[in-house]
Amino acid sequence: MTALKNDRFLRALQRQPVDRTPVWMMRQAGRYLPEYRATRAKAGDFLSLCKNTELACEVTLQPLERYPLDAAILFSDILTIPDAMGLGLYFETGEGPKFRNTVRSAADVEALPSLKAETDLDYVMAAVSAIREALAGRVPLIGFSGSPWTLATYMVEGSSSKDFREAKRLMYSEPKVMHALLEKLAAAVTDYLNAQIRAGAQAVQIFDTWGGTLSSWAYAEFSLAYMKKIVDGLIRHHDGRHVPVILFTKNGGQWLEAMAETGADALGLDWTTDIGNARARVGDRVALQGNMDPSMLYAPPERIRQEVADILSRYGEGSGHIFNLGHGITPDVDPENAGAFIRAVCELSGDYHR
Ligand code: CP3
């Protein structure tokens, strides 16, 4: 494997000294980029794009051609696991993800196959290897998965949801069935992330997009416990390097101490938590990734720059901060504004690393 030319991101995840704060954006390859829309049009639909090794590789690299980003993230989706389990994932324009089949009973959970990611999701591993080769050591590659709870919400609901009533109905009225589902998903996610690591992912992130919709006890029991199981089962050293793990629970700011106990290297923060406060609470144990409100990218470049300066100063001096948005970049952002955001991090953060 080619030597890594920029390891700022991996170093900051381990709270090792860096020359400036590394930066990447959740959903950095996506519809806000005209070149992404062009490649997607060539592929047909989104899933075909994920399954086309060459084109998935191409869109992963597109944001790196435009901006001085410190990491690449695999172009794929969290819903590849339920799709491979036979639920039949499809996307209807403007409506988000949908499944042909749902999981709502003990029999449905029982019927779910246990996956072997290396074969059942071979197209993802092919993309990981191709991207690593194309990157040629420019920046590290992040692999990812959804959390068991977040995947379960889509599998039970059969789509995105506002209130998660079916997932919560199952969780509260038949907790054993929900636990059986989460158990299967935790095993699948562990195997999936380990396969990505073996294929070349140099760090992994677990997206718990919907953990923050749970009460505190339910978060601990139905989301965090399964993420901890995953962290415990991951390959943590590969190809001569530590493989850092990032846990991101959107709206999970009140549970950072418990999240830091899982053994993850870093926690993702959305914008509702003050990053200085978060650092005071858990910064001696984990790195922090975040946390500008993605909607700030609708503001003029000078305002974006001011916000970047504020977040840098709230985190303060020293390593352990990976700059990011607090959630994915939205499709209608002007790519110039995304550029202003990344430039501001590069230009303003050096002062905090002397
Ligand atoms: O960050 C990256 O650039 C890597 C690619 C990535 C995608 N999805 C590509 C994608 C990642 C990391 C994801 C994760 C994902 N997918 C999550 C967790 C993160 C989060 O945003 O909370 C969730 C909940 C999903 C499920 C999903 N997939 C949704 C809700 C949607 C949006 C539907 C829509 O039309 O807005 C998708 C589709 C999707 N995944 C797109 C992309 C680029 C848009 C597809 C397109 O139309 O081109």
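Keep in mind that what you see is a predicted model, and the values were worked out from it rather than measured.

Caption draft 1: Structural view of the overall build of the protein chain. Tallying secondary structure elements over the protein chain gives 16 helices and 11 strands in all. The C-alpha radius of gyration computed for the protein chain amounts to 19 Å, which stays within 12% of the reference 20 Å derived for 354 residues, consistent with globular compactness. Over its C-alpha atoms, taken along the principal directions, the protein chain stretches across nearly 60 × 45 × 40 Å. Burial status across the protein chain gives 50% buried among its 354 residues. Considering only intrachain contacts with a sequence separation of at least 6, the fraction spanning at least 24 residues in the protein chain is 72%.

Caption draft 2: Molecular detail of the nonpolar core. Residues Leu74, Ile142, Ala152 and Leu267 are the most contacted members of the largest nonpolar core, which totals 117 residues. Examining the composition of this core, we find that 13 residues originate from one element, helix H11 (residues 175-199), more than from any other. Among all residues touching alanine 152, those that are not within four sequence positions of it are Ala167, Met178, Leu181, Leu182 and Leu185.

Caption draft 3: A look at the pairing of strand E4 (residues 141-146). When you tally the buried positions in E4, you get 6 out of 6 residues, the bulk of the element. Burial along E4 is two-sided: the face carrying Leu141, Gly143 and Ser145 and the face carrying Ile142, Phe144 and Gly146 are both buried. One ladder, built from 2 bridges, connects strand E1 (residues 72-73) with E4; its direction is parallel. Pairing of alanine 72 across the sheet is with leucine 141, part of E4. Of the pairings in the sheet, the one linking E4 to strand E5 (residues 203-208) comprises 5 bridges and is parallel in character. The residue bridging phenylalanine 144 from the neighbouring strand is glutamine 205, located in E5.

Caption draft 4: Summary view of the site of the ligand. Near the ligand there are 20 residues, and of these Gly30, Phe46, Gly96, Phe207 and Thr209 occur at the shortest range. Residues that form the shell around the ligand fall into these classes: 10 nonpolar, 6 polar and 4 charged.

Caption draft 5: Broad picture of the UniProt feature "binding site: substrate" (unreviewed entry) in the protein chain. The positions UniProt marks with the feature "binding site: substrate" (unreviewed entry) are Arg27, Gln28, Ala29, Gly30, Arg31, Asp77, Tyr154, Thr209 and His327. On the basis of their most widely separated C-alpha atoms, the annotated residues across 301 residues do not gather in one place, lying as much as 22.7 Å apart. Inspection of the secondary structure assignment puts glutamine 28 in the loop between helix H1 (8-13) and helix H2 (34-43). According to the C-beta neighbour criterion, glutamine 28 is buried, with 28 such atoms within 10 Å. Not counting chain neighbours up to four residues away, the residues in contact with glutamine 28 comprise Pro63, Leu69, Ile73 and Ile329. With respect to the helices and strands, the residue aspartate 77 is situated in the loop between E1 and helix H5 (80-87).

Caption draft 6: Inspection of the packing of helix H15 (residues 301-315) against helix H16 (residues 335-348) at higher detail. Contact pair H15 / H16: the axes reach a minimum separation of 9 Å and the direction vectors enclose 40°. Accordingly, the angle class assigned to the pair H15 and H16 is oblique. Classified by chirality, the crossing of H16 by H15 is right-handed. Of the residues in H16, those in contact with Pro301, Ile304, Arg305, Val308, Ala309 and Leu312 of H15 are Asn337, Ala340, Phe341, Ala344, Val345 and Leu348.

Caption draft 7: Representation of the pairing of strand E3 (residues 96-99) in the model. When strand E2 (residues 89-92) meets E3, the two strands line up antiparallel, connected through 4 bridges. Within E3, the position partnered with glutamate 92 by the bridge is glycine 96. Connecting E2 to the antiparallel partner E3 that follows it, the hairpin turn spans 3 residues, and glycine 94 within it adopts a positive phi of roughly 75°.

Caption draft 8: How the structure looks around the sheet that holds E1. A sheet is described by the order of its strands in space; here 7 strands give the open sequence E1-E4-E5-E8-E9-E10-E11, paired in parallel fashion. At either margin of the open sheet sits one strand with a lone partner, and together these are E1 and strand E11 (321-325).

Caption draft 9: Quick peek at the UniProt feature "domain: Uroporphyrinogen decarboxylase (URO-D)" (unreviewed entry) in the protein chain. Those residues carrying the UniProt feature "domain: Uroporphyrinogen decarboxylase (URO-D)" (unreviewed entry) are residues 22-31 and 142-158 in this numbering. Helix and strand shares over residues 142-158 are 59% and 29% respectively, and the end C-alpha atoms of the span are 27 Å apart.

Caption draft 10: Summary view of the confidence of the model for the protein chain. When pLDDT is averaged along the protein chain, the result is 97; 100% of the residues meet or exceed 70. Two summary scores accompany this predicted model of the complex, namely pTM at 0.97 and ipTM at 0.92.

Caption draft 11: Spotlight on helix H10 (residues 165-173). Among the residues making up H10, those that are buried are Ala167, Leu170 and Met171. The arc that holds every buried residue of H10, seen down its axis, measures 100°, which confines them to one face. Exposed side chains of H10 directed beyond 90 degrees from the buried face belong to Arg165, Tyr172 and Ser173. Packed against the buried residues of H10 are helix H9 (148-157), H11 and helix H12 (216-233).

About the criteria used
- Residues numbered from 1 in each chain as written.
- Predicted model: local features only at pLDDT ≥ 70, side-chain atom pairs only at ≥ 80, totals over all residues.
- Helix = DSSP H or I, 4+ residues; strand = E, 2+ residues; numbered from the N terminus.
- Rg over C-alpha atoms; globule rule 2.2 N^0.38 Å.
- Buried ≥ 20, exposed ≤ 12 C-beta atoms within 10 Å, placed from the backbone.
- Contact = placed C-beta atoms within 7 Å.
- Core = buried A, V, L, I, M, F, W, Y, C linked by C-beta atoms within 7 Å.
- Pairing = 2+ DSSP bridges.
- Near = placed C-beta within 6 Å.
- Nonpolar A, V, L, I, M, F, W, Y, C, P; charged D, E, K, R; others polar.
- UniProt positions renumbered as here; feature names shortened; annotations may be inferred.
- Axes fitted to C-alpha atoms, helices over the stretch in contact; angles between N-to-C directions.
- Parallel < 35°, antiparallel > 145°, perpendicular 65-115°, else oblique.
- Left-handed = near helix turned anticlockwise from the far one by under 90°.
- pLDDT = per-residue confidence, 0-100.
- Arc of directions from axis to C-beta.

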